[in-house]
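For reference, the chains in residue letters:
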Amino acid sequence: MAEQPIWTPYRSLVSGLRTSSTLGEHGGKVCGVEVILTPWMAFRLLGMPMHAIKEIAVPVPEILGTDGRVLEEQLTAAADWRARFALLDALLLRRCALGPTPAPQVIAAWTELSRQDGLVPLARLAQDAGWSARHLELRFREQIGLSPKKVARVFRLRRALPLVAALHPGSEIAATCGFYDQAHFNSEFKAMAGCTPSQFAVHRGLTVAVRPVDRLPGQLTSTLIPGLLKE
């Protein structure tokens, strides 16, 4: 028997970096404010090791304590979106001023991985940082949440998603995005996206026909699952 998903209700949440898909559901209408941060900026704002929230989502008060509880109440009671954004700006600026400073080497390595879609050898990143590969990995786990190798996997998938949605052949995608071969691409895609490339392409086709769901401009981040589509 297939394992059933565990549904956890959230009033608010903080989600760390992950290498697997997540499935969200609501009763037909949902509204809220989403703040998308680079992991190293989240390290500064949250003031905690980012590996503590990798692969999971945690209610905001469990991370921010009183700040989180007060923020939930204030956002709910605010008269309009301008007031909500002002509340968020004030909290983020205050915590940014008080939080730990991310290492410039970590920021540079993250930026290079993003720019190269994950196709950067770990040895080169470590050399550029002036650190050992082990030290780079430890600092990444602290300030990013995942190791450089896992971050590279995420960026390779990010590059592959629009090619899958555009129905490019799997062998072409594998070669373009740095996978060993098509079998490796298929395996990595299913592990991180939760479905096969062909299933994702079908889901995206249905998604585009219904409504936009992507959470970052110019990037494929989300899709609707058949059977959960509701007008």
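Below is a summary of the structure that appears in this document. Everything numeric here is computed off the predicted structure, so don't read it as measured data.

This brings us to the packing of helix 5 (residues 104-115) against helix 6 (residues 122-129). Each pair of packed helices can be described by the angle between their axes along with the distance between the axes. It is at 10 Å that the axes of helix 5 and helix 6 come closest, and there the two elements cross at 145°. The two elements helix 5 and helix 6 meet at a crossing, and its hand is right-handed. Two secondary-structure elements touch here, helix 5 through Gln105, Ala109, Glu112 and Leu113 and helix 6 through Arg124, Leu125 and Ala129. Looking at side-chain class alone, the contact of helix 5 with helix 6 contains four nonpolar, one polar and two charged residues.

Considered for burial, the residues of helix 6 that qualify are Leu125, Ala126 and Ala129. Down the axis of helix 6, the buried side of the element spans an arc of 95°, and every buried residue falls inside it. Exposed positions of helix 6 whose direction lies more than 90 degrees from the buried face are Ala123, Gln127 and Asp128. Directly after helix 6, the chain includes Gly130, whose backbone phi takes a positive value near 75°.

So, about the layout of surface pockets. Which parts of space are left empty comes out when a probe the size of a water molecule is rolled across the atoms. Considered as a void within the structure, the second largest pocket measures approximately 250 Å³ in volume. Considering the residues around the second largest pocket, the lining is formed by 15 residues, among which Lys149, Ala152, Arg153, Arg156 and Tyr180 are closest to the centre. Every element with two or more residues in the lining of the second largest pocket is listed here: helix 6, helix 8 (148-165) and helix 10 (182-193). The dominant element in the lining of the second largest pocket, judged by the number of residues it contributes, is helix 8, at five residues. Of the residues that constitute the lining of the second largest pocket, the class distribution is eight nonpolar, three polar and four charged.

What counts and what doesn't
- Residues numbered from 1 in each chain as written.
- Predicted model: local features only at pLDDT ≥ 70, side-chain atom pairs only at ≥ 80, totals over all residues.
- Heavy atoms only, no water.
- Axes fitted to C-alpha atoms, helices over the stretch in contact; angles between N-to-C directions.
- Helix = DSSP H or I, 4+ residues; strand = E, 2+ residues; numbered from the N terminus.
- Left-handed = near helix turned anticlockwise from the far one by under 90°.
- Contact = heavy atoms within 4.5 Å.
- Nonpolar A, V, L, I, M, F, W, Y, C, P; charged D, E, K, R; others polar.
- Buried < 20%, exposed > 50% of the residue type's maximum accessible area, 1.4 Å probe, protein only.
- Arc of directions from axis to C-beta.
- 1 Å grid on protein atoms, 1.4 Å probe; cavity = no way out; pocket = protein on both sides within 12 Å on 5 of 7 lines; lining within 4 Å.
- Points joined across faces, edges and corners; volume = space filled by probe spheres on them.

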